[in-house]
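Descriptive structure summary
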Amino acid sequence: MFYVQPLIAGYRVEVVEALNQLFNLKIFACTQGVEARGFSSERPPCDEFVETSIAQIGSPGIKIQSKVVAHLVRERPDAVLIFADIRFLSLWLTLIAGRVMHVPVLIHGQGLYRHQHAGWLRTLCYRLAVSLASRYVCYTDASRHSLEAIGCPDRKLVVADNSLTVLRPVTASEKTGTENGVLFLGRLRDDSDVDMLIDAIGVLRREGGEGRDILLHVVGDGEHGERLRQRYAGCDYIVWYGAVFDDRKIASISRQCRIGCYPGAAGLSVVHMFGLSLPPLIHDRMSAHMGPEPAYVERGRTGFVYSLDGGVDALAASLRDVWAVSPAQMRATAAAAYSKYEQLNTPSLGRRLAEIVRTTLEPETAV
């Protein structure tokens, strides 16, 4: 089986391990330069790891990943599981080659949840991709509904809730509900809006109320890391950890925090926060998030939501409200957040994907 990814992030190692248990796995991914973007460079055990490159071709945004199609044509695997970025020419070539060679190609992606009005071209591309694929594995129910809405056939669509496995989780029993920290966990990239969170915490500290001793713990790095550290060098209420991939260290840091907060376009970070019993604070515009995972946050039960339109003032107001929540209620919210993490990982994403591939292959092996 071929598993094709732009890179293997640390949170996808569990997926590789689960696929590797059922299949002879060949991975296609790029490891060059991923650390500068805030990722760890992973080459997990598998039958073969093929180092690829990703090049931009033609019009802006159109890309191609090397070696995938050539290996597919030459080796004719039993199945291909590939990420669903329709801007990649290599995706289209893989789908076409798979159809011609009778190799099942499964694509795994977010669907059109970010596009209330997809437009005719994007609609056509997604309908064609789903038509050529054996299955489209959706990140969430919202992803599936977005594809159903443009006429993609239900029989091709399956949901595997996008998640990650925290190797050292923190249960709600380990929390007090009185911690004075806020954890930002993720890459310091475009649209992370860490500036807004820093400014909002500054507002609370200057007010001198219950949030006067609030601290921000920033775990992560990326293209905006150096700029942010320089801009806020004089703020003694920020602890910068840089890129940390050790789950034990992240767990230790998280125990100083009452909540997690991703002020900008969030994604899988909310699941990581759930696994640390940190109710996430995110903005309310779901279509503006990086992925569909922020929809897992239930306002007041597993996390908190602020108005993106309100900017720093709205975020500061939400932080102020959170800091007014009683310790008992905060522990209950932390417990609900951790329960959501357990639900999303029973079974794990890797096991769900492996089972979907296996059941897709059953008709092929029966012929």
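Attention here is on the structure that accompanies the text. (Residues numbered from 1 in each chain as written. Predicted model: local features only at pLDDT ≥ 70, side-chain atom pairs only at ≥ 80, totals over all residues. Heavy atoms only, no water.)

**Topic: the side chain of Thr140**
Along the polypeptide, Thr140 turns up in the loop between β8 (135-138) and α5 (141-148). Given the relative accessible area of 5%, Thr140 is considered buried. If we ignore the near neighbours within four places in the chain, the residues touching Thr140 are Val159, Asp161, Pro292 and Tyr296. (Helix = DSSP H or I, 4+ residues; strand = E, 2+ residues; numbered from the N terminus. Buried < 20%, exposed > 50% of the residue type's maximum accessible area, 1.4 Å probe, protein only. Contact = heavy atoms within 4.5 Å.)

**Considering the sheet that holds strand β1 (residues 2-4)**
Read from one edge to the other, the open sheet built from 7 strands follows the order β3-β2-β1-β6-β7-β8-β9, with strand pairing classed as parallel. Single-partner strands in this sheet number two, and they are β3 (48-51) and β9 (157-159). Within the sheet, the average angular offset between the axes of one strand and its neighbour, ignoring direction, is 20°. The pairing of β1 with strand β6 (residues 80-83) spans 3 bridges and is classified as parallel. Bridge pairing in β6 places Phe2 opposite Val80. Each of β1, β2 (26-29), β3 and β6 touches helix α2 (residues 68-75); the most contacted strand, β1, lies at about 170° to it. The strands touched by α5 are β7 (105-109), β8 and β9; relative to β9, the strand with the most contacts, the crossing angle is about 165°. (Pairing = 2+ DSSP bridges. Axes fitted to C-alpha atoms, helices over the stretch in contact; angles between N-to-C directions.)

**Here we look at the sheet that holds strand β13 (residues 257-261)**
Pairing is parallel across the open sheet formed by 6 strands, whose spatial order is β12-β11-β10-β13-β14-β15. One side of each edge strand has no neighbouring strand; the edge strands of this open sheet are β12 (238-242) and β15 (304-306). On average, adjacent strands in this sheet sit at an angle of 25° to one another, irrespective of strand direction. The pairing of strand β11 (residues 215-219) with β12 spans 4 bridges and is parallel. Its bridge partner lying in β12, Val218 is registered against Trp240.

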